[in-house]
Amino acid sequence: NRTEFSEHLDAQFNRLPRSVVFAEGRLQQESVSQSDAADGGIAVYDGANTIGQHTDALNHLYDVRAGFTSSPWSWLEFGGHYRRRDSRTGYNNLLANPGEGYPGFITHRDIGQDEIAARVVLRPVFWLDARLTYAWNVSHYTSNETNFDGSTVRLTSPQPTRRNCAVGSIVT
């Protein structure tokens, strides 16, 4: 069983000479209900090795971006943007006892990303583009998990994942 709702917004301001300022955003809500059952693969069914689980998950996602593009001359264009993305999911494990195995012990998950990007494009002649782009990303992950004794533990990625990337290209 799956239900999903999504909203999207785009806005542009182009009253500045040869420039565009933009913002966009997306919100998404997703609800999933999933049931699993197995007898453990034992040839003689004795009832002791059965697995049953029913999980309801609710996810909230937002993704926003804002930036600009400017081209003061026909041979030069530059721009950049900032982007933030966050996904938060809560799990309600209805049949599995907390801490009795995967995925019943996971109760919450949060994944986030921040991004800054910039670019410069040079067009010395109409058939040649020289591009230089730079992107900086930081990702993080946290989750809440239930131990075998029923206590809750919050796990966080030890260090946020950082990526720096510079790319140059020439297009003819």
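Structure: see above.
Position numbers for residues start from 1 in each chain and track the written sequence from start to end. Given that the model is predicted, a residue must reach a pLDDT of at least 70 before its local features are reported, and side-chain atom pairs must reach 80 or more before they are shown or counted; all residues, however, enter totals for whole chains, interfaces and linings. To obtain the side-chain values, all non-hydrogen atoms of the structure were used and water was disregarded.

K.L.:
So what's going on with the packing of aromatic side chains? Which residues, and what values?
P.N.:
What characterises a pair of aromatic rings is the spacing of the ring centres plus the angle enclosed by the ring planes. Stacked, tilted and edge-to-face are the three classes applied to pairs of Phe, Tyr and Trp rings, where Trp contributes its six-membered ring and a pair requires centres within 6.5 Å; stacked means planes under 30 degrees apart, edge-to-face means over 60, and tilted covers the rest. Counted by the stated rule, this structure contains two aromatic pairs. A centroid spacing of 6.2 Å and a plane angle of 70 degrees characterise the contact between F68 and F78, whose relative ring orientation is edge-to-face. Here F68 is found in strand β3 (residues 51-73), whereas its partner F78 is found in strand β4 (residues 76-93), with 10 residues between them in sequence. Relative accessibility thresholds used throughout: buried, under 20% of the residue-type maximum; exposed, over 50%; partly exposed, between the two (1.4 Å probe, protein chains only). Taking the relative accessible area as the measure of exposure, F78 reaches 30% and is therefore partly exposed. Going along the chain from the N terminus, every DSSP run of H or I of four or more residues is numbered as a helix, and every run of E of two or more is numbered as a strand.

K.L.:
Tell me about the environment of H81, and please be specific about residues and values.
P.N.:
Tracing the backbone through its elements, the reader meets H81 in strand β4. For the pair H81 and A117, spaced 36 residues apart in sequence, the C-alpha to C-alpha distance is 5.4 Å. For this analysis, residues touch if any pair of their heavy atoms sits within 4.5 Å. Contacts of H81, omitting those with residues within four sequence positions, involve F22, R65, A66, G67, E115, I116 and A117. Here a polar contact means two N or O atoms within 3.5 Å. Within protein one must be a hydrogen donor candidate and the other an acceptor candidate, and residues neighboring in sequence count only if both atoms are side-chain atoms. A polar contact is formed between the side chain of H81 and the side chain of R65, at a distance of 3.4 Å.

K.L.:
Give a detailed account of unusual backbone geometry, specifying residues and quantitative values.
P.N.:
The backbone of R18 sits at a positive phi, close to 55 degrees, despite the residue not being glycine. Within the fold, R18 resides in the loop between β1 (2-13) and β2 (19-38). By relative accessible area, which is 61% here, R18 ends up exposed.

K.L.:
Provide a residue-level description of the environment of G112, including the pertinent values.
P.N.:
Here G112 lies in strand β5 (residues 106-125). When the C-alpha positions of G112 and R88 are compared, they lie 8.5 Å apart, and in sequence the two are 24 residues distant. Setting aside anything within four residues of it in sequence, one finds G112 in contact with R85, D86, V138, S139 and H140.

K.L.:
Lay out the pairing of β5 with the relevant residues and their values.
P.N.:
Pairing between β4 and β5: 15 bridges, direction antiparallel. Of the residues in β5, the one forming a bridge with R83 is E115. Relative to strand β6 (residues 128-146), β5 runs antiparallel, the two sharing 17 bridges. Directly across from G112, in β6, lies its bridge partner H140. Only when DSSP finds a minimum of two bridges between them are two strands counted as paired.

K.L.:
Can you lay out the side chain of T89 for me, pointing to particular residues and giving the numbers?
P.N.:
Residue position: T89 is located in strand β4. What makes T89 buried here is its relative accessible area of 4%. If near-sequence neighbours (up to four positions away) are discounted, T89 is found in contact with A57, L58, N59, T107, H108 and R109.

K.L.:
Outline the pattern of salt bridges, supporting the account with residue identities and numerical values.
P.N.:
Here a salt bridge means any side-chain nitrogen of Lys or Arg lying within 4 Å of a carboxyl oxygen belonging to Asp or Glu. As enumerated under the stated definition, the model contains 13 salt bridges in all. In this structure, the salt-bridge partner of E30 is R2, at a minimum N-O distance of 2.6 Å. Residue E30 is located in strand β2, and its partner R2 is located in strand β1; the two are separated by 28 residues in the primary sequence. A relative accessible area of 17% means that E30 is categorised as buried. Close ionic contact of D114 with R84 constitutes a salt bridge, the shortest N to O distance being 3.1 Å. Here D114 is found in strand β5, whereas its partner R84 is found in strand β4, with 30 residues between them in sequence. Accessibility assignment for this pair places D114 and R84 in one class, buried. Here the salt bridges do not stand alone but share partners, grouping E77, R119, R123, D129 and R131 into one network.

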